[in-house]
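Chains, contacts and geometry: an overview
Now for the letters of each chain:
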Amino acid sequence: MKRPLDDLTDGARRPPHGIADWPGSGHHSVIERPATLPDGRPWPRLRIVTVSDGSEAGLADTLASVLAQGYPEARHDVLPARAAEAEAFAPSDGSSDHVMILPAGDLLAPGALVALALEAVLTDAAAVAGLRVRYGSGVTGLDVPSLRGAAPDADAAPSGGEILFARAHLGGTALSGPPAALWTRLAASGARLARIGRPVLLQRAPEPPPGRGLSIVSLTGTGRRGGAGIAQRRLGEALELAGHRVAPIALTDESPAAAAEWTDAFPRTEAAIRDAAPDLVIAGNLHGATRSLDILGRLGTSIPIALVLHDLFPLTGRCAYPKGCTRLAVGCDAACPTPDEYPQLRRGRIAGHHAGKRAILGGANRPLLLANSEWTAARARDYAPEGARVGQIALAFPTGIFAPGDRRALRRRLGLPTDDVLVMFSAVIVDAPDKGVADLVAALRRVARPGIGFVAIGRLDDPDRLGLPNLHAPGPIAEEAELAAWYGACDLHVTASRLETLGQTPIEAGLCGTPTLAYRATGLTTAVIDGVSGRLVPEEPGALAAALEELVGDADTRQRLGAFARIAFENRFSHAAAAMSLDEALVRAGLLPPRGGRLRFAPAMLARFAMAAERHGGEGGTVDAPSPRFVRRLRRVKHAVLGRNLPFWMRRSLYFAARMRGALRRAGAGA
């Protein structure tokens, strides 16, 4: 369920650009940056040039917005129009590493220079652009240059102050012309361009004309709950904020999850989607309602399909992760070693399902596979049939909710010890075997001592079994704002998982200023930027425990990593960043036409950022509520007697029970 907008201004002035008390050095969203870059080098020198004769309206606010950046290596010059561009880009000027043209009257957004500079360093791009906030009497929209060129539409306001150019990539001669034209020339030359998904410029500009968005169905197996459901829901939000119309549909609305192993057709759902005639179906996490991709094969004959790889299930016979299984290379079949692990499938049906999936992924109407990390994209190319289409996207995270807070105040509110070093670990099911719980607990026990506390977020039926002293286990937390408070209250987040297409918890933690320690494995190599947002260690015995011991004793390093994590992840995993990546993936696949100009977002996009005067309050109901004590005990007995897997007889019994309940409901409705 949606929560209302969260008013953070406490009656403070609300200027039309939507950011209260800005420009001003005391703005609540400005983060104190580390003294040096992640590798110890000094921050790059920036030169900002404002074209002005000194009389323009708003010039004082322009100057104040630069001073409030907290970036002492920035030099700001106000120059007349004739000299500004030529002098700013003069190759003989060795006093700066990067340059920006900031028009008089435009304002830099809070933290803009730090965000642009860090991305420029991490990517070595010729130019980095961020979001421009357009406003009149209020915010009228946000936009960002296309990677194919920034030439504005005929009715668009002049742009360019949202772009930071690297001198080293500009060649040996001075370049003249507006910044947007330079961005376009760099794009045409094949230079590397980067974009960040957070506001960097506030500009008074005419309201843009309404764009025509796509009609999109977001199709899932079980809806919006759980890790993959949360990710799919957030992608839908990002698309809506980019001007598209998104209708969420869950297959379990037609057929129960207990029937997934035996259900391949969803006639009512398919008919509803065809009747709606959407421009695109974006599917993901279907295996909670079906073990096949047949519905995508049928819909794909008339509707373009994109399939988000929240795990590797679409590429295998039945499993979410092959875990080193060699059957995938020759074709999944009855020799599968784990048919009773979720998502379960009887041995005799595995080969047929694998062949059916491959036929769909390599067929004439094949879906576009959307990977959420470099590792997942590589696995998709390895495992999918020849001719499969693969793109890469960024997942969306509510960066305005997952944001740093006052750590001591958060601890007091949550009832946590204020002076302990708190190490957090989290998952939908904390002690699930795929999360490496045995390895994790061994590392945590190694650092356990007075002054060290542990926080476990997620379903954990028997916390005492972990044998961890000073353990705080509040259980599943369904409110995003409350979950962010727990992240922000902790000093370090750690995971021992080796099976993630991305890993959402390290990104949520990093957005809250809490770094992550993890193995250098799978999609975690994207979710944790080694040496920037946390530490990655080799998959070797004792490596996780040794690194944990080091970080627990090094408060300065934790603070640096947490600060960089917030900056980097707001750049790369906001709703705007996700929408930008989806747009680019769809263009590359031919599902959208290539275009220059600017990608536009609704005014409500600003509310997704911590800097906004009125901020979106986050979502609730994201995971199931804690189970009653009786259910937890039953689950523990089941695990002790039968293990975590469901044998065939039990699955079949649940299936028949679900069908009987459905028949009784239908009979009652017809009475």
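Since the model is a prediction, treat every value here as computed from it, not as a measurement. (Residues numbered from 1 in each chain as written. Predicted model: local features only at pLDDT ≥ 70, side-chain atom pairs only at ≥ 80, totals over all residues. Heavy atoms only, no water.)

In terms of helices and strands, the chain carries 20 helices and 23 strands. For 671 residues, the compact-globule estimate of 2.2 N^0.38 gives 26 Å, and the chain sits close to it at 26 Å. Considered along the principal axes of its C-alpha atoms, the chain spans approximately 80 × 65 × 50 Å. Per-residue burial for the chain yields a buried fraction of 56% across its 671 residues. For the chain, the proportion of contacts with a sequence separation of at least 24, taken over those separated by at least 6, is 75%. (Helix = DSSP H or I, 4+ residues; strand = E, 2+ residues; numbered from the N terminus. Rg over C-alpha atoms; globule rule 2.2 N^0.38 Å. Buried < 20%, exposed > 50% of the residue type's maximum accessible area, 1.4 Å probe, protein only. Contact = heavy atoms within 4.5 Å.)

On average, residues of the chain score 90 in pLDDT, and 92% of them reach the 70 mark or higher. In the model, residues 1-12 has pLDDT below 50 throughout and makes 35 contacts with residues more than four positions away in sequence or in other chains. (pLDDT = per-residue confidence, 0-100.)

Time to look at the packing of helix H14 (residues 504-511) against helix H17 (residues 555-573). Direction vectors running N to C along H14 and H17 enclose 115°, while the axes themselves pass 7 Å from each other. By the angle class used here, H14 and H17 are roughly perpendicular. Crossing handedness for the pair H14 and H17: left-handed. Contacts between H14 and H17 pair Pro 506, Ile 507, Gly 510 and Leu 511 from the former with Gly 562, Ala 565, Arg 566, Phe 569, Glu 570 and Phe 573 from the latter. (Axes fitted to C-alpha atoms, helices over the stretch in contact; angles between N-to-C directions. Parallel < 35°, antiparallel > 145°, perpendicular 65-115°, else oblique. Left-handed = near helix turned anticlockwise from the far one by under 90°.)

Note: strand E2 (residues 46-51) against strand E3 (residues 74-79), six bridges, orientation parallel. Bridging from a neighbouring strand, Thr 50 pairs with Val 78 of E3. You can see the chain leave E2, run along helix H1 (residues 59-67) and come back into E3, and the turn it takes is right-handed. (Pairing = 2+ DSSP bridges. Right-handed = clockwise from strand over helix to strand, strands pointing away.)

A few words on the sheet that holds strand E18 (residues 471-475). Strand order in the open sheet formed by six strands is E18-E17-E16-E19-E20-E21, with parallel pairing between adjacent strands. Both outer strands of the open sheet, E18 and strand E21 (534-537), are each paired with one neighbouring strand and no more. Across the sheet, the mean angle separating the axes of adjacent strands is 20° when strand polarity is ignored. Bridging between strand E20 (residues 516-519) and E21 involves four bridges; their strand directions are parallel. Following the sheet pairing, Tyr 519 is matched in E21 by Val 537. The strands touched by helix H16 (residues 543-552) are strand E16 (421-429), strand E17 (452-459), strand E19 (492-494), E20 and E21; relative to E20, the strand with the most contacts, the crossing angle is about 165°.

Together, Val 637, Val 641, Leu 642 and Trp 649 make up an exposed nonpolar region whose accessible area comes to about 420 Å². Counting residues per element, the nonpolar patch draws most heavily on helix H19 (residues 629-642), which supplies three residues. One can find Val 637 in helix H19. (Patch = residues over 30% accessible without salt bridge, like charges linked within 9 Å, V, L, I, M, F, W, Y side chains within 5 Å. Areas by Shrake-Rupley, 256 points an atom, 1.4 Å probe, with all protein chains shown as cover. Salt bridge = Lys/Arg side-chain N within 4 Å of Asp/Glu carboxyl O.)

What follows is about the sheet that holds strand E10 (residues 215-220). Across the sheet, which stays open at both edges, the six strands sit in the order E11-E10-E12-E13-E14-E15 with parallel pairing between neighbours. If you trace the sheet from one side to the other, it starts and ends with strand E11 (245-250) and strand E15 (389-392), each paired once. Taken over all neighbouring pairs, the strand axes of this sheet differ in orientation by 25° on average, direction set aside. Summarising the sheet, E10 and E11 pair through six bridges and their orientation is parallel. Within the sheet, the bridge partner assigned to Ile 216 lies in E11 and is Val 246. Each of strand E14 (368-371) and E15 touches helix H10 (residues 374-383); the most contacted strand, E15, lies at about 175° to it. Sitting on the sheet, helix H18 (residues 575-588) is in contact with strand E12 (280-284), E14 and E15, with an inclination near 150° to E14.

Now for the pairing of E17. Burial analysis of E17 places seven of its eight residues in the buried class, which makes it a mostly covered element. Two elements, E16 and E17, share seven bridges in a ladder whose sense is parallel. Within the sheet, the bridge partner assigned to Ser 426 lies in E17 and is Ile 457. Chirality of the crossover, the property in question, places the unit of E16, helix H12 (residues 437-447) and E17 among those that are right-handed. Sheet analysis places E17 next to E18, joined by three bridges and oriented parallel. In the sheet register, Ile 457 faces E18, and the bridge partner there is Gly 475.

Moving on: the pattern of salt bridges. One pass over the full model with this rule turns up 38 salt bridges. Asp 97 is the salt-bridge partner of Arg 45, the closest N and O atoms lying 3.0 Å from each other. Within this pair, whereas Arg 45 is found in the loop between strand E1 (6-7) and E2, its partner Asp 97 is found in the loop between helix H2 (81-88) and strand E4 (98-101), the two being separated by 52 residues in sequence. With a relative accessible area of 28%, Asp 97 lands in the partly exposed category. Here Glu 162 and Arg 598 are joined by a salt bridge, their closest N and O atoms 2.5 Å apart. Taken together, the positions of Glu 162 in the loop between strand E7 (139-145) and strand E8 (163-166) and Arg 598 in strand E22 (residues 598-601) put the pair 436 residues apart, joining distant regions of the chain.

Below, the discussion takes up H17. The terminal C-alpha atoms of H17, which comprises 19 residues, lie 26 Å apart, in line with the 27 Å expected from a rise of 1.5 Å per residue. Along H17, 14 of the 19 residues are buried, which leaves the element largely enclosed by surrounding structure. (Expected span 1.5 Å × (residues − 1).)

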